[in-house]
Structure formats: structure tokens, C-alpha cells
Amino acid sequence: MIQGQRAMPILSVRDVEKSTDFFTQGLGFHLAGQWKDDDGSISFAIVVMDHLTIGLSRDKDAVGSSKNWAAYFYVADIDAFAAQIQGNGILLHRDLVNQVYGCRDLEVADIDGHILCFGQDMSPSEKGPGL
């Protein structure tokens with residue numbers, strides 16, 4: 001029996017509401033759910049784009065790494081994705097590059113500094129993207 005269904009990286013963010021806006025309005029995700037503390041402030045949200053899921057967890061001291069990827073996401077058409085997000089005002093942290101590992105990808109930094117890489121597997125196998 002296959003058990004793995006989906007992965008959900010959890011990003012620590014200073015402001016869940018602003019981060020949700022970045023992912024939904026900028027990157028094309030949609031809000032799947034959010035949870036509030038007793039005082040009514042949003043402490044956690046889940047954003048989704050097709051099979052990609054990200055959790056956004058409030059941490060007032062959150063600081064992303066500018067050196068390492070927080071996550072790598074495979075998309076069907078990286079050039080169309082790049083045009084879409086740039087049309088939404090998102091600046092690329094690194095422009096599109098054809099990589100030696102067979103993917104064409106770009107990097108985006110979210111508002112907390114997390115580096116997110118989005119890529120297209122240029123030679124997909126039956127095992128799935130990147131394999």
C-alpha cells in the first residue's frame with residue numbers, strides 16, 4: 001500500500017495574514033484554511049496550489065535563510081509560472097536557469113526571507129518529477 005500522499009512544509013512567518021497575501025496574491029496559491037488564537041489573531045494558515053501545500057505558522061522572530069532553500073516545488077510550466085508571478089509584482093530572487101540536474105527553475109524570497117525554488121523537470125520519468 002502506498003502511504004505517502006502529500007508533503008506540507010511549514011514556514012515560520014512573522015505575520016500570517018501578510019504571508020498569506022504574498023502566497024495567494026503573488027504566487028497564485030489559495031487559502032485553504034486558517035486558525036486563530038483566543039485573542040482573534042491568526043496564528044496558522046494553509047495555502048494550496050493544486051498539489052502544493054504550505055503551512056504558515058506565526059513566529060514573531062521568524063527569519064528565513066538567504067542561503068538555503070526552504071522548499072523546492074515542481075510546476076508543470078515554469079516559464080508560464082514565472083510570467084504569472086512577475087505579472088503579480090513578485091521579484092525573482094534568482095532568474096530562470098537550466099540546471100545541470102535536469103530542471104529549469106527560479107527562486108523567490110518570501111516576505112520573511114525564506115528562499116523558495118520553483119522548477120520544472122525537463123526530463124520527467126515515470127517515477128515522478130526530479131527522480
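Per chain, residues are indexed from 1 in the order of the written sequence. Only residues with pLDDT of at least 70 are given local features in this predicted model, and only at 80 or more are side-chain atom pairs given and counted; all residues enter the totals for whole chains, interfaces and linings. As a rule here, side-chain values cover all heavy atoms of the structure and leave hydrogens and water aside.

The subject of this paragraph is the overall build of the chain. On a plain count of helices and strands, the chain comes out with two helices and eight strands. Think of it this way: any DSSP run of H or I at least four residues long counts as a helix, any run of E at least two long counts as a strand, and we number them from the N terminus. Each helix and strand of the chain, placed in order from N terminus to C terminus, yields the pattern β-α-β-β-β-β-α-β-β-β. Reported as C-alpha extents along the three principal axes, the dimensions of the chain are approximately 50 × 40 × 25 Å. Taking all 131 residues of the chain together, 38% fall into the buried category. What makes two residues a contact is simply this: any of their non-hydrogen atoms within 4.5 Å. Long-range pairs, those at least 24 residues apart, make up 53% of the contacts in the chain between residues at least 6 apart in sequence. Burial classes: relative accessible area under 20% of the type maximum marks a residue as buried, over 50% as exposed, and values in between as partly exposed (1.4 Å probe, protein chains only).

Moving on: the pairing of strand β8 (residues 115–121). Taken across its seven residues, β8 has seven buried, putting it largely inside the fold. The alternating pattern of β8 places Ile115, Cys117, Gly119 and Asp121 on one face and Leu116, Phe118 and Gln120 on the opposite face, and all of these are buried. Direction of pairing for strand β5 (residues 69–74) relative to β8: parallel, over a ladder of five bridges. Its bridge partner lying in β8, Ala71 is registered against Leu116. Strand pairing is assigned whenever DSSP detects at least two bridges linking the two strands. Pairing of strand β7 (residues 103–109) with β8, which is carried by seven bridges, proceeds in the antiparallel orientation. Note that in β8 the partner of Leu106 across the bridge is Phe118. What sits between the antiparallel neighbours β7 and β8 is a turn of five residues, in which Gly113 has the positive phi angle 95 degrees.

Let us now look at unusual backbone geometry. With glycine set apart, most residues show a phi of negative sign, and most peptide bonds adopt trans. With phi around 55 degrees, Asp50 is a residue other than glycine that occupies positive phi space. Relative to the elements of secondary structure, Asp50 occurs in the loop between β3 (42–49) and β4 (52–58).

Once that is clear, we can look at the environment of Gly28. Here Gly28 is to be found in the loop between α1 (16–26) and β2 (30–36). Expressed as a C-alpha distance, the spacing of Gly28 and Val47, which sit 19 residues apart in the sequence, is 9.6 Å. Once residues within four sequence positions are removed from consideration, Gly28 is found in contact with Phe23, Met49 and Gln84.

So, on to the sheet that holds β7. Sheet strands pair by backbone hydrogen bonding; their relative direction is either parallel or antiparallel. Spatial ordering of the open sheet is given by β5-β8-β7-β6, a layout of four strands whose pairing is mixed. In the strand order of this sheet, the two ends are held by β5 and β6 (94–98), each with one partner. Here the strands of the sheet are splayed against their neighbours by 20 degrees on average, with no regard to which way each runs. Across three bridges, β6 lies against β7 in antiparallel orientation. Bridge pairing links Val97 to Asp105 in β7. Packing of helix α2 (residues 78–87) onto the sheet brings it into contact with β6, β7 and β8, and relative to β7 it is tilted by some 20 degrees. To obtain each axis, a line is fitted to C-alpha atoms, and for helices this fit is confined to the stretch in contact; angles are then taken between N-to-C directions over 0 to 180 degrees.

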